[in-house]
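# Commentary on secondary and tertiary structure
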Amino acid sequence: MNSDASAHLRSCVSAAAGGLVPRHRFSGLLIGLLLAAALLLFPCSQPAIAQSPTELPLELQIDASIDQQNSTAGVPAVEQADADTLLRRTTLDLAGRIPTAKERDWYLALPAQTRQQLLVDRLLQLPDFDFHLRNSLDELLLPERPNDGEFREYLLTAVRERRPWSRMFREMLMASSVDGPDKGAAQFLKSRVRELDDLTNDTAVLFFGVNISCAKCHDHPLVSDWKQDHYYGMQAFFQRTFSSKKNVLLENPLGSVRFKTTAGEDRDAKFMFLTGAVVADATPTLTDEEKKAIEEQVRRLEREDDAQPITVSFSPRQALIETALADQQLYLARNIVNRTWARLLGTGFVDPPDQMHSGNPASHPQLLSDLAADFVQHDYDLRRLIRGIVLSRTYARSSRWTSEAAPPAAQTFAVAAARPLTPRQLAASLQIAVRSSDSWPSVEETLAKPDDWLKRRTDIENQAGAWMREFEQPAADFQIAVDEALFFSNSDRVQSDLLRDGGDRLVGALRSAETPELAAAELWRVVCGREPSAEEIEVVRGWLARAPERRVSDMQSLVWALLAGAEFRFNH
Amino acid sequence: MSDSGLSRRGFLSGATIGVGGALAADMRGVNGLRAEELAGELRRGEKHVILLWLAGGASQLETWDPKPGSKTGGPFGAISTNVAGIQVSELLPKLAQRMHLTAVIRSLNTKIADHGRGADLMERGRLDDPGLRYPDLGAVAARELGRLESTVPDYVSLYTSTEGRRKGTSGFLGARYAPLFLAENMAPPNSALHERLTAAEHQDRAALRDLLSKRFAAEHRSSTVGSLNSAYQRVQGMMASAGLFNIEQEPAEVRARYGPTQFGEQCLIARRLVEAGVPFVKVARAWWDSHGQNFETHLELCADLDHCMSVLLDDLQERGLLEKTLVITLGEFGRTPGINASLGRDHFASAWSCSLSGMGIRGGVVYGATDAEGHTVTDGEASAADLFATILQALGIDHTHEYMVGARPTPLADFGSKPIQAVLA
Amino acid sequence: MRPNDEPTPSATEAATPAQEPPAAATAAFLPAKITVDRTVRLPSMTFCMARHQPSGRVFCGGADFGLHHFDPAAEKPETKTLSESRHSSYVTGLVNSGGTLISGGYDKSLIWWNAESGEQIRRIEAAHGRWIRALAVSPDGTRLASVGDDMKTQIRDAATGDCLLTLEGYEQQTPHGFPSMLYTVVFSADGSRIATGNRTGRVLVRDVQSGEILQTIEAPVMYTWDPRARRHSIGGIRSLAFSPDGSLLAVGGMGQVGNIDHLEGKSRVEVFRVATGERLYEIEDSKYKGLVEKLQFSADQKWLLAAGGDHGGFLSIWSMETGKLLVQEKVGSHLHDFELLSDRTLVTVGHEQASLITLA
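Conventions used here
- Position numbers for residues start from 1 in each chain and track the written sequence from start to end.
- Each chain takes a letter, starting from A, and each ligand takes a number, starting from 1, following the order in which they are written.
- Given that the model is predicted, a residue must reach a pLDDT of at least 70 before its local features are reported, and side-chain atom pairs must reach 80 or more before they are shown or counted; all residues, however, enter totals for whole chains, interfaces and linings.
- Here, residues touch in the contact sense if the C-beta positions derived from the backbone fall within 7 Å of one another.
- Numbering of helices and strands starts at the N terminus; helices are DSSP runs of H or I of at least 4 residues and strands are runs of E of at least 2.
- Just so you know the grouping, Ala, Val, Leu, Ile, Met, Phe, Trp, Tyr, Cys and Pro go in nonpolar, Asp, Glu, Lys and Arg go in charged, and all remaining residues, Gly too, go in polar.
- Being paired, for any two strands, means DSSP has found at least two bridges between them.
- In this analysis an axis means a line fitted to C-alpha atoms, helices contributing only their contacting stretch, and an angle means the value between N-to-C directions, from 0 to 180 degrees.
- Think of a nonpolar core as buried Ala, Val, Leu, Ile, Met, Phe, Trp, Tyr and Cys residues, each tied to the set through C-beta atoms within 7 Å.
- Comment: burial labels come from other C-beta atoms within 10 Å of the residue's own C-beta, placed from the backbone, where a count of 20 or more is buried, 12 or fewer is exposed, and between is partly exposed.
- Any angle between 65 and 115 degrees counts as roughly perpendicular, while under 35 counts as roughly parallel, over 145 as roughly antiparallel, and the rest as oblique.
- The hand of a helix crossing depends on one turn: near helix anticlockwise from the far one by less than a right angle means left-handed, and clockwise means right-handed.
- As a per-residue measure, pLDDT reflects the predictor's confidence and takes values from 0 up to 100.
- An arc is given here, and it is the one of the directions from the helix axis to the C-beta atoms.

### A few points about the interface of chain A and chain B
Many analyses report the size of an interface as the accessible area lost when the parts associate. Taken together, the 43 residues of chain A in the interface contact 46 residues of chain B. Of all elements in the fold, only α22 (482-490), α23 (492-498), α26 (534-545), α27 (552-563) and α28 (566-569) of chain A reach the threshold of two or more residues within the side of chain A that touches chain B. Of all the elements, α22(A) adds the most residues to the side of chain A that touches chain B, at eight residues. Here the side of chain A that touches chain B is composed, by residue class, of 23 nonpolar, 12 polar and eight charged.

See the structure below:
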């Protein structure tokens, strides 16, 4: 393991020295630091690790921390995944789909030492990345409304423009744009505005990684961090939010949260953030008449289309935003770092991801803090974070576990997880997998004609939108239901669309393959992104030998058997 | 102690929670059957539950716990039943004549009065803990009452309305016990052979899939990966049992008896499924959430419930199935004694009712009581966990039986729950 | 909208107009303002009211099964309970017939009351087979009409209680197999006709003497039935009013509802020509939601007063010359009934409150 690690480090260093890492400004000094860091990977140098790893590329920080902890605990890590597996995994994670056979050809032709980096940097430039990151954020933030067009348009715009997460957070919680593509930012709040508890708890869970709902009725029974004051403090930031008749989110200058403590005392909630930071209400004191006028105006806004808009001198939601962005405990950053890690590795440092509190410490607290600090230092750049994670050796581990012994615990990250595809990943991948290898452009063509690829990828995205409903969004301990197996086995959509015969279709390509071996090669390259094994070729030979005339239905069954198979269903 | 003996604890203690969950569900497969389990195995498929889920929350005052003449009682009267001393709302005249089959619990205090978490609680008998998702009653019944090799689904959920539609969850028991969920039609979706495939082609293709998936599954032994192959293993059986959902196969007079409403048709499907060996059927009837026009809502929906449940009880009894079938009415909560300005009743979980009929139940019993206006429980307060313990006992399942989830022993009904002996036969 | 060249409803459509149309030269009073002058706390949700003559007191009935009364002319009206004897369920209909009060309720019974002593003069148990939903009394006070969820309409001699006619003509069940309901009944101003309205939006206009159906009017939008997602209904025709000349019939209820857990449909009024069944106006309120529980035309037939609500109550006044809103106001909680005390003052009753209101 350690020799692997230092070899990886050396390859990174040489790649850096050779100028293959254009996104980083490497200096001689930094190279020296990198070499020093390589030494730190040995267990004897443990204490130094936490001191100042922040100047290392993220991927090296990650590997150093994970390896060091596993080494201390005696957890053996598995080997790195093979090239085909890593290409598929990285493409699914960055582009939201499986790679095409043409992309595989390109990837395999690259020098082994640098191809992951070249792949990652290519994928980060593709429209695919924007679509997929948008989808991931959409699934996180608006899970109950998988097809909210306005919200999805907003997210896509924000991701395309590479907006910092801090800005997106501000846009979603301020909800101040009423026109244009940013209008949809308001959907996060609008979809919850009828339930103050949803506004409160979903914001805490999804942006700060904290589930304080148990602290509503009483101080949290299990987590000493969360008191009723926190719950109602968070609620106070949203209590004045309301939706006008014209469906614009506004804030009432008046209103406060009053709650009964478990001791039976009535208490006014402060505007209190999770850290205990309190914001004073800067609303000027109003006379009873002014208050009455405001109440009337709010009532009109709720009921009438043409009511005068209301302005506030103090916005509790803005106060929440500023407080969260000034928070030294970095709840906002740690949450999205943890969730991004969980999305790419299968499990978060903090798991479940909404249980970020002292009773549920992170598996790698220092690494989480370092990544969060780096994220903030680099202007909340999600791409930088994602890039760092997928360039790590930790990310690139094999998912195979063949030993009789139980596999290492998920939070050791010593074995890659087999993660079920999300509905959109699965639906988009199906669109790739049912077409022949020749029907896709080469990487060079995509580079030369980016607009053509954008159009094609947009089509895939739209088609995926129509298929995704057939599949379930994975959650913790996800189990695939018999419904999905029945859908694949019997639905007309699968039979008539996915398995359709035709010139550019995989079924058509298999039918015109001259030998069973060529058919097998095409089938596995397209669907699984790898060469078939000898046994698999044998299975195809046997299957086709039953009826040598190459019936369409036999080819369809072959394609179906792989599409419905476990290897295709998972990101592994 | 339960069947989670020391050897199993030892076997599982090294596993992570995620993997352990599925292993818990599959322990019989792992360890083989012990003698007493084998005997139990032979009896499997003979006990059933039909849960009539009154989604949105039915009013206890308009059903099982009327308060006629009180400030909160609303306009309906109470009527005597065929059991001396027991009265129910006048909206349930037919069920009143079948009171000898039913035990009513009037003293539920389940505290949670929002739909989502209220339904979580009443479906599972407890709320999820962080990192631990509990199975709902249907999944537990499927696990405890179903046959491993059953060719019928073991947990069917009919939920065609939109309000609060919930699929149900098998939690840590895993996908094997997830419900067959019928949301759009009354036939399971995708259960018929495609016209362009023969049955032989369909089966061959499935065998090919299994063959080609074998290696991947062997190298990736997670419960999630395993769930995919399990799902495909059940396709043939599910297709074979699709006819159970077709009530056209019933004689016209039977269908007429259940009546024209969809709830009636679904109750008939439930009886067909139970007769065929399905352990758990949930029929959800939504729109009890009567924030406005509570009384008219209950006029409409109680008429449906009264008729359909009465016919269902009769039909089960005539077929000798009632002694093997527990029929439950339950929702996420009851409704406020106070009546709002829209003549509605709002959410209320502090003092409400449910009913249990049939298997394992002492009929003609009312357990617990509320005050004169129905605001609080005055006698026999019961929690969701107590109700679950009661239901499990009625079915002959030890509610203290523990599943091992990872290294965590988890009883079937929550810690500290007590069955309500007064309603048990 | 009503075309300008449309002839105004002719007096021949009504056998004997109760009132002369106002002189053309008189400037019509069109209310432009609704003011709540005073409110009176009532002991329970209140569904019906009747002004007793000659005392002028307002009597009302509701969810506490009893009758209560107050003096609307008093500075601070005090509510008194008529009698300790009560109905055994909600009181939903109350009329004044020649100084005697008659009430009906969900207990299916009709009770004749001495309004001074509180004594029960007559009680008819099980007058209907199911809930009594509404009562109406003929303008001359001699006839009592009642409707109930047995879907029957009864015409009685108001003085003796004798049942003169029992009228059917409505389905017992909705087309979807659920119990139907018959909510409302009104007399025409000349007392010759009655109109009734049910849950699914059907109005029957009949001759009071013979019971013959003179007109059938459908207002199906008032009934919300979702056949797919909900399989449950809400709505129905909750109020009716003949115009003073008998030519028009206003029908009140609620528009189609999305989430039928709540009274969240737009409040709705449709106005029909009785003779032809043609719909003159279709009014959906853009501001207030909920059921229109009571309707009344102005004496000059130029406007229509509508009251109802969801949780909140409203009063709306619609021009019968244009079908457009003249004025509307939120009034307390859900209003169930009102009565004009003069052409510019009225009393409303609703959720635990009565309001004395001036129109200007």
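Next comes the rest of the description.
### Focus: the sheet that holds strand β11 (residues 352-358) of chain B
Residue and element names in this part refer to chain B. Strand order in the open sheet made by the eight strands is β6-β5-β7-β1-β8-β11-β4-β12, with mixed pairing throughout. The open sheet is flanked by β6 (180-182) and β12 (365-367), the only strands paired with a single partner. Adjacent strand axes in the sheet meet at a mean angle of 15° when their direction is disregarded. Inspection of the sheet shows strand β5 (residues 155-158) paired to strand β7 (residues 280-285) by four bridges, in the parallel sense. Within β7, the residue paired with tyrosine 155 across the bridge is phenylalanine 280.

### Topic: the nonpolar core
Of all hydrophobic cores here, the largest spans 371 residues; its most connected members are C:Leu249 and C:Ala250. The element contributing the most residues to this core is helix α13 (residues 294-318) of chain B, with 11 residues. Contact partners of C:Ala250, with chain neighbours within four places excluded, come to C:Leu240, C:Ala241, C:Val269, C:Val271, C:Leu295, C:Phe297 and C:Leu304.

### Structural notes on the packing of helix α8 (residues 127-141) of chain A against helix α21 (residues 450-467) of chain A
Residue and element names in this part refer to chain A. Closest axis-to-axis distance for the α8/α21 pair is 9 Å, and the angle between their directions is 25°. One finds that α8 runs roughly parallel with respect to α21. Pair α8 / α21 crosses with right-handed handedness. Residues Pro127, Asp128 and Phe131 of α8 lie in contact with α21, whose contacting residues are Trp453, Leu454, Arg457 and Glu461. Within the contact of α8 with α21, the residues separate by chemical class into four nonpolar, no polar and three charged.

### Some points on the pairing of strand β26 (residues 325-333) of chain C
All names here are of chain C. Across six bridges, the pairing between strand β25 (residues 312-319) and β26 is antiparallel. Following the sheet pairing, phenylalanine 314 is matched in β26 by lysine 330. Here β25 hands over to β26 after five residues, with glycine 323 in that stretch at a positive phi of 80°.

### Some points on the sheet that holds strand β7 (residues 110-114) of chain C
Residue and element names in this part refer to chain C. Pairing is antiparallel in the open sheet, where four strands are placed in the order β5-β6-β7-β8. Whereas interior strands pair on both sides, the edge strands pair on one side only; in this sheet they are β5 (91-97) and β8 (120-124). Strand-to-strand twist of the sheet, defined as the mean angle between neighbouring strand axes without regard to direction, takes the value 15°. Bridge count for β7 against β8 is four bridges, and the pairing is antiparallel. Note on β8: the bridge partner recorded for isoleucine 111 is arginine 123.

### Topic: the confidence of the model for chain C
Taken as a whole, chain C shows an average pLDDT of 90; of its residues, 92% reach a score of 70 or greater. Between residues 1-26 of chain C, whose pLDDT stays under 50, and residues either more than four places distant or in other chains, the model counts 32 contacts.

### Digging into the environment of B:Pro419
Residues and elements named next belong to chain B. Within the secondary structure layout, proline 419 lies in the segment after β16 (408-411). On a C-alpha basis, the gap between proline 419 and alanine 394 in space is 9.1 Å, while along the polypeptide they are 25 residues apart. Sequence-distant contacts of proline 419, defined by excluding residues within four places in its chain, comprise Ala389, Thr390, Gln393, His399 and Leu424.

### What about unusual backbone geometry?
In this chain, A:Asp351 is followed by A:Pro352 through a cis amide linkage whose omega measures -5°. Looking at the secondary structure, you find A:Pro352 in the loop between α16 (331-345) and α17 (365-377). In the segment running from C:Gln53 into C:Pro54, the intervening peptide bond is cis, with an omega of 10°. Along the chain, the position of C:Pro54 falls in the loop between β1 (34-51) and β2 (58-62). Its identity as a non-glycine residue notwithstanding, B:Leu343 has a phi of 55°, on the positive side. Residue position: B:Leu343 is located in the loop between β9 (334-335) and β10 (347-348).

### Some points on helix α15 (residues 316-326) of chain A
Note on helix geometry: an α-helix contains 3.6 residues per turn, so any two residues three or four positions apart are oriented the same way. All names here are of chain A. Residues Pro316, Arg317, Leu320, Ile321 and Ala324 constitute the buried set of α15. Summarising the axial view, the buried residues of α15 lie within an arc of 150°, below the 170-degree limit, and thus occupy one face. Of the surrounding elements, those touching the buried residues of α15 are α10 (165-174), α13 (228-239), β1 (241-243), β2 (249-251), β5 (271-272) and α16.

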